[in-house]
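Residue strings, one per chain:
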Amino acid sequence: MSDLLERLRGRGWRMTSQRRVVAEVLDGDHVHLTADEVHARAVQRLPEISRATVYNALGELVALGEVAEVTTDGRAKRYDPNAHHPHQHLVCSACGVIRDVHPTGDPLTGLPVGERFGFTVSGVEVTYRGVCPDCA
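Since this is a predicted model, take the numbers as computed values, not measurements.

(A) The pairing of strand β5 (residues 98-101), seen in detail. Of the two faces of β5, the one holding I98 and D100 is buried and the one holding R99 and V101 is not buried anywhere. Summarising the sheet, strand β4 (residues 88-92) and β5 pair through 4 bridges and their orientation is antiparallel. If you follow V91 over to β5, its bridge partner there is I98.

(B) The layout of surface pockets, seen in detail. Within this model, the largest pocket holds a volume of roughly 610 Å³. In terms of lining, the largest pocket is formed by 24 residues, of which the most central are H87, Q88, H89, V124 and E125. Those elements that provide at least two residues to the lining of the largest pocket are β2 (68-70), β4 and β6 (127-130). In terms of residue count, β2 provides more of the lining of the largest pocket than any other element does, 3 residues in total. Partitioned by chemical class, the residues of the lining of the largest pocket number 9 nonpolar, 11 polar and 4 charged.

What counts and how
Residues numbered from 1 in each chain as written. Predicted model: local features only at pLDDT ≥ 70, side-chain atom pairs only at ≥ 80, totals over all residues. Heavy atoms only, no water. Buried < 20%, exposed > 50% of the residue type's maximum accessible area, 1.4 Å probe, protein only. Helix = DSSP H or I, 4+ residues; strand = E, 2+ residues; numbered from the N terminus. Pairing = 2+ DSSP bridges. 1 Å grid on protein atoms, 1.4 Å probe; cavity = no way out; pocket = protein on both sides within 12 Å on 5 of 7 lines; lining within 4 Å. Points joined across faces, edges and corners; volume = space filled by probe spheres on them. Nonpolar A, V, L, I, M, F, W, Y, C, P; charged D, E, K, R; others polar.

Here is the structure:
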């Protein structure tokens, strides 16, 4: 069983066939699908699943904190099932492919105390940009 499915079962999320398919589609490393891509893959597994059902399931997963919404450069929202594994993203400027990356060190150390303007910083989002090998 996938990590996401295990977490959802542990939380007591009602596992309908539609919800299960959405969770299965999102399973894996480096998965950053748009809602339309999730729907297209879900339809292959469960032809009667509606776009609205997919959007509703994604919204619930985000609200639960089990899936993160990722937006880069005004492109469509993408859904990242690795919400419980701290990581950053590497984005291709040409095609938009996204990869999870795990740099070493604490990204908060890059922000000097004098540049925090009194904020209590609770998180950091870093996005690395470049061109993937397929687009190079």
